[in-house]
Each structure stands twice: as structure tokens, then as C-alpha cells.
Amino acid sequence: LSDQVFLISFELWRRILPQKQSLPIFCDELDYQIHQYDEGRIDADSLQDVISYLEEVLEENCVEDAEPPEVFQSISTCCAHDLEGFIYDFIAGQIDEESHLYAMELYESFHDYIGDTAWFDFLHARLNVLADVGEANDIIMEIIEDLGEESDLELILEILPFLVQHGKGEVFIATLKTCLSCLSFEEDFREVLEHCVDFYTLRENEEVGQVIQDILDRRESREADEAVSPSDPDIVLFAKQIEQPFYIPGKS
């Protein structure tokens, strides 16, 4: 279906069909548009109308005592795609493309509908970093504190490269400590080590950076899917290194 046909279909859906019949029709078309986007057949601009309609559907269904996350979940169950994951990825893509104003509008529109907000809070940090690096770091620290022992390694691995460029030492180290207990495979441990080398090198903490680089070098021949354990001597050594107070050379 072309975008023009979709727009016509949607208007008919809104005006003629009852709600229980219309929602699956909309979700089918939403799935189709997401699939087209994932396959590279349409660009982000082509999705803006569809996403705008999704915002309308969410808003119109938040009536009486319906909570926004419940409304979002009810619509998500009608979609074949992971709707929350798609929205996150789409906003993140807009940030990558430096479409910050549109990304912020999307963040503000969808944030209240998302039940698990940690990933969306990370988007907030990314959107705030150009205006206020300190606030962005505060947001990251709140995410880490909220995660507690229930660490989300996938999210941590998204946050670390952001902190390499924009993070304060104490925030970076707190994030590292959170992920130590959930490292299961060699590829994850190596990725963490690589981000650490970049972080310490950029901040001229060469001594710590070299110790971590040596760990990386020793593990070069290991398979990516090899299991790792908290008792691994290199993980123990790494944990000791990040326990050291972070310093910036030339400053007291």
C-alpha cells in the first residue's frame, strides 16, 4: 500500500468503523509500515504521519480511568512488532541523525505510555547532553541507581559508549560496577573493557588504561561465546582497578 492509500484508509477507519474492529486494521498497517522501514524501503520521514496517528490513537483511548501504559500495552498486543522497541529505536535514530527537536517531541509524546522507562530515560540523557552535560550525567546515575542489582546488560552496553564521550568519572565507574555481576560471556566482557580503555585514554588516565588494555590483550584468543565467571582472575583484577578513585591529571 502506498502512503496515500494508507492515509485514506485511516480516515475511513476513524470515521466509519467501530473501535473494536478498527484497532486491528490500524495495527496491521502500522506493522506493515514498520516492516517497510526495517527493510529500508521507506525512510524515517515517511513514517512521521503513521507515528502521528499512533499518538492520536493512544491519546483518544486514554479515557476515564485508563492508564497510559495500559493503553499502550493493549495496542502493542495487536502488533506483530515490538512496538516499544521500535519507538525507542526510531527516536534513537533521530538523535543519531541530529534531528533533536523532533526526537524530543517524540520522547515527550511517548514517555508516559512506556511502562519500563529506563531505556527512555537514557534517550532523555542523550537529548539533554548538548544543553547540560551535568544533567545528562544525573539522569544516567538515576538510571543506574534504579536498576540496582537487576542490571540490564544490554542497556548498560548502550550507555557506556555515551559515557566514554560525555560521562563523569564517578558515573562511568558506577555504571561499570552495576554490570560486573551480569557478565556471562567473553564478548560482553571484552566490549566493557574496550569502552574502559577508550574512557581512560581520553581522560589521560594512562596507568589504569594500560592495565585494562593488558587484560584485553591476554584474552584476545578466547572465543566470543566462552562463558566468564566473577571469579575469573581478570575480572577480579578489573574490579580492583575500577575501585580506585577516579582522577583527572593536573587537577587536585
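Residues numbered from 1 in each chain as written. Predicted model: local features only at pLDDT ≥ 70, side-chain atom pairs only at ≥ 80, totals over all residues. Heavy atoms only, no water.

Comments concerning the side chain of Q94
Right, so step 1: Inspection of the secondary structure assignment puts Q94 in helix α5 (residues 83-96).
Right, so step 2: For Q94, a relative accessible area of 7% translates into the label buried.
Right, so step 3: Contact partners of Q94, with chain neighbours within four places excluded, come to A44, S99, Y102, A103 and L106. (Helix = DSSP H or I, 4+ residues; strand = E, 2+ residues; numbered from the N terminus. Buried < 20%, exposed > 50% of the residue type's maximum accessible area, 1.4 Å probe, protein only. Contact = heavy atoms within 4.5 Å.)

Considering helix α11 (residues 186-202)
Right, so step 1: Taking 1.5 Å of rise per residue, the 17 residues of α11 would be expected to cover 24 Å, and the 24 Å separating its terminal C-alpha atoms lies within 8% of that figure.
Right, so step 2: Taken as a whole, α11 has its buried residues at E186, D188, F189, V192, L193, H195, C196, V197, F199 and Y200.
Right, so step 3: Here the buried face of α11 lies against α9 (153-166), α10 (169-180), α12 (206-218) and α13 (233-243).
Right, so step 4: Downstream of α11 by a residue or two, E204 has a phi angle that is positive, lying close to 60°. (Expected span 1.5 Å × (residues − 1).)

So, the nonpolar core
Right, so step 1: Counting residues in each nonpolar core, the largest one holds 79 residues, and the members touching the most others are L83, I140 and F238.
Right, so step 2: Counting residues per element, this core draws most heavily on α9, which supplies nine residues.
Right, so step 3: Residue contacts for F238: discarding those within four places in its chain leaves L176, L180, F189, V192, L193, C196, I212 and I215. (Core = buried A, V, L, I, M, F, W, Y, C linked by side-chain atoms within 4.5 Å.)

A closer look at the confidence of the model for the protein
Right, so step 1: Chain-level pLDDT for the protein is 86 on average; 87% of the residues reach the 70-or-more range.
Right, so step 2: Of all the helices and strands in the protein, helix α1 (residues 3-15) carries the lowest mean pLDDT, 51, while α9 carries the highest, 96.
Right, so step 3: Contacts of residues 16-21 to residues separated by more than four positions or lying in other chains number four contacts, the stretch itself having pLDDT below 50. (pLDDT = per-residue confidence, 0-100.)

Thoughts on α9
Residues separated by three or four positions in an α-helix point in the same direction, a consequence of the helix having 3.6 residues per turn.
Right, so step 1: Here α9 contains 14 residues, and its C-alpha end-to-end distance of 20 Å stays within 8% of the 20 Å for a straight helix at 1.5 Å per residue.
Right, so step 2: Looking at the buried residues of α9, the elements they touch are α7 (118-128), α8 (133-147), α10 and α11.
Right, so step 3: The opening residue of α9, the one whose side-chain oxygen lies 3.2 Å from the backbone nitrogen of E154, is D152. (Polar contact = N/O pair within 3.5 Å; in protein donor to acceptor, adjacent residues only side chain to side chain.)

Re the side chain of D188
Right, so step 1: Take D188: it is sitting in helix α11.
Right, so step 2: One buried charged residue, D188, forms no salt bridge at all, with the nearest opposite charge on R190 at 10 Å. (Lys, Arg positive; Asp, Glu negative; His and termini not counted. Salt bridge = Lys/Arg side-chain N within 4 Å of Asp/Glu carboxyl O.)

What about the packing of aromatic side chains?
Right, so step 1: Enumeration according to the criterion identifies ten aromatic pairs in this entry.
Right, so step 2: For the pair F172 and F199, a centre-to-centre distance of 3.8 Å together with 0° between the ring planes defines the contact as stacked. Of this pair, F172 sits in helix α10 while F199 sits in helix α11, placing them 27 residues apart in sequence. Assigned by exposure class, F172 and F199 land together as buried.
Right, so step 3: With centroids separated by 6.0 Å and ring planes inclined at 75°, the aromatic side chains of F189 and F238 adopt a geometry described as edge-to-face. One end of the pair, F189, is in helix α11; the other, F238, is in helix α13, and 49 residues separate them in sequence. Per residue, the accessibility class of F189 equals that of F238, and both read buried. (Phe/Tyr/Trp six-rings, centres within 6.5 Å; stacked < 30°, edge-to-face > 60°.)

Observations concerning the environment of E55
Right, so step 1: Turning to its location among the elements, E55 is positioned in helix α3 (residues 44-61).
Right, so step 2: Of the residues examined, E55 reaches a relative accessible area of 25% and is grouped as partly exposed.
Right, so step 3: Not counting residues within four places of it along the chain, the set of residues in contact with E55 comprises L106, S109 and F110.

Brief notes about the state of the cysteines
One covalent bond between the sulfur atoms of two cysteine residues makes up a disulfide.
Right, so step 1: In this structure the tally under the stated criterion is zero disulfides.
Right, so step 2: The thiol sulfur of C79 is not disulfide-bonded, and the nearest other cysteine sulfur, from C27, lies at 3.7 Å.
Right, so step 3: A relative accessible area of 10% places C79 in the buried class. (Disulfide = S-S within 2.5 Å.)

Details of the pattern of salt bridges
Right, so step 1: Inspection of the entire model under this criterion finds eight salt bridges.
Right, so step 2: R219 is paired through a salt bridge with D232; the nearest N and O atoms lie 3.1 Å apart. Placement of R219 in the loop between α12 and α13 and of D232 in the loop between α12 and α13 is noted, with a sequence separation of 13 residues between them.
Right, so step 3: The closest approach of N and O atoms between R222 and E226, which form a salt bridge, is 3.7 Å.
Right, so step 4: For R222, a relative accessible area of 33% gives the class partly exposed.
Right, so step 5: A relative accessible area of 31% places E226 in the partly exposed class.
Right, so step 6: The network of salt bridges with shared partners includes E186, R218, R219, R222, E226, D232 and D234.

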